[in-house]
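Okay, here's what each chain looks like letter by letter:
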Amino acid sequence: MLHKFYQKLILKYPLSVLLILISSILIFGMNVEKLEIDASAETLLLNDDKDLAFSRAVAKRFQTNDVLILAYKPKHDLLSPESLQTLTHISDTLEKLPNVESVDSLINAPLFFSPIRDMDDLINETRTLKNSDINLSLVKQEFLTSPLYKDRLVNKDFTISSIIIHLYQDPEYFTLLEKRNLLLDKQKISSLTKEEKQALSNVTVAFKKHRDEQRILDNKNIKEIRSLISKYQDDATFFLGGVQMISNDIVGFVKNDLFLYGSTLILLIILVLGLVFRKPRWVMLPILICTLSVIAITSSLGFFGWEITVISSNFIALQLIITISIVLHLIVRYEELLSLYPRASSKRLILLTMLTKATPTFFAILTTIAGFSSLLYSHIHPVINLGWMMSAGITMSLIIAFIVFPTVLMLLKKTPPIKQKRSMSFIPSLTARIVLHDKKAIYIISILTIVFSVTGASQLIVENSFINYFKKDTDIYKGMKIIDQELGGTTPLDIILTLSDKNSTSSPIIETQEDTEEESDSFENEFNTVENQDQYWFTDEKIKIIKKVHDYLTHLVQIGEVQSFATLLDTGKVLNENKDLDSIDLALVYQKLPQKYRDVILTPYVNIDNNQLRFTTRIVDSNEALRRDALLKKIKDDLIHIIDPNVATVQLSNLMVLYNNMLQSLFHSQITMIGLVLLIVSIMFFVLFRDFKLTLIALTVNVIPIGMVFGFMGWLHIPLDIMTITIAAIAMGIGIDDTVHYIHRFKVEFAKDNRYYFSMHRTNNSIGNALYFTTLVIVIGFSILTLSNLIPTIYFGLLTMLVMIAALTSDLILLPKLLLLFKPFKRIK
């Protein structure tokens, strides 16, 4: 069938076929413009995470907004007239930005201890640095010691101040999100009606459109903030931080990497191909096939509305690896046949090349897809999409290569075979000699590699730190580190206490000084009529719980800023002549407190209707000893022992929890699925080779490079994060491809004379060249990724290079050694 396909169509009408294919791809390629990059926090969350729904409910209930933190380090003293004037101008301008709701800074921070006044005065008049009769010495002391401001609004040295930019909460975004998720949840349980399907389609389109518009506004907002602070660079140093800023900058880095390193990668590949093959056709043809393959897959992604995320940002590089591998195998095979049959017609050589490489390439691609299929079992959309992207992209590369390669060669004149320089292909010959002359070293090294891999893999940790995404010499890293270490941390973590019903109605016990029983009864009657009012919610028992939890959190070294109702209690204690506020004091204060103050100091931390308390913290991401999963478990376990479960239940929330859930889920799903993928691959090996012994050999050869990569990661303390955790699928995909080609060629060579040693030598010097050249091209090309500003991209480049070298070594040394040892092929008479 394949023979007829090439004879009657591809090789008969090469120009027409080539023009139709290229025209179709280029016309469809207009969809590339629709391709988008999404680095928002939502792309790194589990679809079915219960904590995600809880976090969104908490954000809505406690009216929390996203914030950007601008670290301000003036050249003069923080409270000098010049510094305050600059700070005032910046704060006023920031408040006028369309996406900014409010700005907190030293300028408008309420002053409670400068000097200390009684509660009524504070409620009636809020004093700030804008007041003319302010004592700056007292102000400095307050900012450095006040539980409201220390290590949050100013650092310990009083050299850096934070400008906290509160962003508008987008109600339409959450409305559309809830509508979409409700329909998606219903779709999982039961089938949707025709109207519901249409509603889901409409709300999905509306949500995406609104989200994209909001991203443009967010990006514009950050640009305007940076444009503003650039005007004051002579007076101060600024560092911008916050989750929205990180997402925005990652998009910029990814776009820059795709353009700059993508183009440089192509140039390096051209250079290496030219040095290896020294024929223009063997340079331009691989580049043409790679270009068409990339256009085809990116156009498909744009057409179907799939977005590139941090996780899938390197899918083009992965596709280039597979595509280059396919084309180089075809080139090497064609040149080999040309050397054997120099007088054969071009058409016959091309046909023989395509037919002899069709079966091994098809099974190699099939098993490679199986390797990437482990990503499909994740619960994270971008990871699942990466699995589908790679599966679709590899399939497109196979089809395009097997059409473009023969049609282009049919249009070109046959040239003499390449006389390969010994220096360019000495590795395959060297490996053949090593295998022939070695007795035990290969086995010993393989065993040591396994030990190295197991011991290294046992040290692997699952971590994801925003600050470690960037090189230490970049401005974004420096800024995040200052905010992280000096101004309270980076990643937000909330602790939510839900008090039991019996505690929600308990009332403060008031001891009166009245002597008469009649007066006491009168007071009790009056108290009972108002005991359910909000001001009496603050009981002594609740105050005790709040202080216990707050004190516990402040003593954790991994946590920077801690804010809760206890912060206000500590402030009130100073104002109350260093006496603790009890339930009566709080009831009186609550009654007098205007609603605008309640919204600022109570609403973010107390929700009376739901009987909940919120403790907001920020994790110090730059703490090298930080282990997020262990920290979250410790906090929850400790709080369960600190607080009686019958009194209150504990739940953790916010980005720290959600990202950790994602990482743990991804890790466990990958570890679980590697076993299943190995089973699928072993079945494919058995179908292809029809030999159990050969299947085990092929599996062993592929497992060792994967183990080696994890071993290196463990020993070098490279954490498993959203990027590096997919390296197992990549390693398996690349390694399997090489193994299939080698064993298939060995089988062909063995059929010639039934002699293992000669078959191995011929295989290494034929297919070995294709494996070696592919590795050489990819390793040199991917070395450019180490210059990226994104650490995950650097790790991806280094680990990919390591995988390629490990797979080549395993396939050219260990695989032939095992074939010689176990002799799985039957002699053909």
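Residues numbered from 1 in each chain as written. Predicted model: local features only at pLDDT ≥ 70, side-chain atom pairs only at ≥ 80, totals over all residues. Heavy atoms only, no water.

1. A look at the pattern of salt bridges
Heads up, the rule is: One speaks of a salt bridge when a side-chain nitrogen belonging to Lys or Arg is within 4 Å of a carboxyl oxygen belonging to Asp or Glu. Numbering goes from the N terminus for both helices and strands, where a helix is a DSSP run of H or I of at least four residues and a strand is a run of E of at least two. Only protein chains enter the calculation, and the probe is 1.4 Å; a residue is then buried if its accessible area is under 20% of its type maximum, exposed if over 50%, and partly exposed in between.
In the structure shown here, the tally under the stated rule is 23 salt bridges. Notably, a salt bridge pairs D212 with R215, separated by 3.6 Å at the nearest N-O pair. Here the residue D212 and the residue R215 both occupy positions in helix 8 (residues 194-230), the gap between them amounting to three residues, near one helical turn. Taking the shortest distance from any N to any O, the salt bridge between D580 and K573 comes out at 3.8 Å. Relative accessible area serves as the criterion here: at 46%, D580 is assigned to the partly exposed category.

2. What to know about the sheet that holds strand 3 (residues 100-104)
Note the following rule: Two strands make a pair as long as DSSP finds a minimum of two bridges between them. Lines fitted to the C-alpha atoms define the axes, with helices restricted to the stretch that makes contact. Angles between their N-to-C directions range from 0 to 180 degrees.
Taking strand neighbours across the sheet as the criterion, the four strands line up as 3-4-2-5 in an open arrangement whose pairing is antiparallel. The open sheet terminates on both sides in strands that have one partner only, identified here as strand 3 and strand 5 (236-241). Across the sheet, the mean angle separating the axes of adjacent strands is 20° when strand polarity is ignored. Strand direction decides the pairing type here: strand 3 and strand 4 (residues 161-167), joined by four bridges, are antiparallel.

3. Things to note about helix 28 (residues 767-782)
Inclusion rule: Take the number of residues in a helix, subtract one, and multiply by 1.5 Å to get its expected span.
Compared with an ideal rise of 1.5 Å per residue, which puts 16 residues at 22 Å, helix 28 spans 22 Å between its outermost C-alpha atoms and is within 8% of the ideal. The buried fraction of helix 28 is high, at 14 of 16 residues.

4. With respect to the confidence of the model for the protein chain
To keep things clear, this is the line we draw: On a scale of 0 to 100, pLDDT captures the predictor's confidence in every residue. The contact rule is simple, with two residues in contact once any of their heavy atoms fall within 4.5 Å.
Averaged over every residue, the pLDDT of the protein chain is 84; residues scoring 70 or more account for 91%. Confidence drops under pLDDT 50 across residues 505-520; counting only partners more than four residues distant or on other chains, this segment forms 17 contacts. Every residue in residues 522-532 scores below 50 in pLDDT, and together they form 10 contacts with partners more than four places removed in sequence or on other chains.

5. Digging into a positive patch on the surface
Using the following cut-off: A patch is a set of surface residues, each over 30% in relative accessible area and not in a salt bridge, joined within 9 Å for like charges and within 5 Å for the nonpolar side chains Val, Leu, Ile, Met, Phe, Trp and Tyr. Where accessible areas are quoted, they stem from the Shrake-Rupley method and a 1.4 Å probe; at the residue level, only the protein chains shown are allowed to cover. Neither His nor the chain ends contribute to the count of charged residues, in which Lys and Arg are positive and Asp and Glu negative. Taken as the charge centre is NZ of Lys, CZ of Arg, CG of Asp or CD of Glu, depending on the residue.
A cluster of basic side chains, namely K4, K8, K12 and K347, defines a positive patch on the protein surface. With respect to the helices and strands, K4 occurs in helix 1 (residues 2-10).

6. Comments concerning the side chain of D218
Tracing the sequence through the fold places D218 in helix 8. Buried D218, no salt bridge; nearest opposite-charge side chain is R215, N-O distance 7.1 Å.

7. Digging into the packing of aromatic side chains
Quick note on the threshold: In this analysis, rings of Phe, Tyr and Trp, with Trp reduced to its six-membered ring, are considered paired at centre separations within 6.5 Å, and the interplanar angle assigns stacked below 30 degrees, edge-to-face beyond 60, and tilted for intermediate values.
All chains considered together, the criterion is met by 24 aromatic pairs. Look at F5 and Y6: their rings are 5.5 Å apart centre to centre, the planes differ by 75°, and that puts the pair in the edge-to-face class. Looking at F5, the relative accessible area reads 35%, which means it is partly exposed. For Y6, a relative accessible area of 2% gives the class buried.

8. A closer look at the environment of V677
Relative to the assigned elements, V677 resides in helix 24 (residues 655-689). As a C-alpha pair, V677 and F372 span 305 residues in sequence and 8.6 Å in three-dimensional space. Excluding residues that lie within four positions of it along the chain, V677 makes contacts with A370, G371, S373, S374 and M732.

9. A look at unusual backbone geometry
Cis rather than trans, the peptide bond between S114 and P115 has omega equal to 0°. Summarising the element assignment, P115 is placed in the loop between strand 3 and helix 5 (119-124). Backbone geometry places F158, a non-glycine residue, at a positive phi of 55°. Counting through the fold element by element, F158 comes out in the loop between helix 6 (136-145) and strand 4. On the accessibility criterion, F158 (5% relative accessible area) is buried. The phi angle at N654 is positive, at roughly 90°, despite the residue not being glycine. Along the polypeptide, N654 turns up in the loop between strand 11 (648-653) and helix 24. For N654, a relative accessible area of 22% puts it in the partly exposed group.

10. What about the packing of helix 15 (residues 441-457) against helix 29 (residues 791-822)?
Here is the rule we go by: In this scheme, roughly parallel covers angles under 35 degrees and roughly antiparallel covers those over 145, while 65 to 115 is roughly perpendicular and the rest are oblique. Each crossing gets its hand from how the near helix is turned against the far one by less than a right angle, where anticlockwise is left-handed and clockwise is right-handed. All residues other than Ala, Val, Leu, Ile, Met, Phe, Trp, Tyr, Cys, Pro, Asp, Glu, Lys and Arg, Gly among them, are scored as polar; the first ten of these are nonpolar and the last four charged.
The geometry of helix 15 relative to helix 29 is characterised by a closest axis approach of 11 Å and an angle of 120° between their N-to-C directions. What the angle tells us is that helix 15 and helix 29 run oblique. The handedness of the crossing between helix 15 and helix 29 comes out as left-handed. In this structure, helix 15 uses I442, Y443 and S446 to contact helix 29, whose residues at the interface are I813, L814, K817, L818 and L821. For the contact of helix 15 with helix 29, a count of residues per class yields six nonpolar, one polar and one charged.

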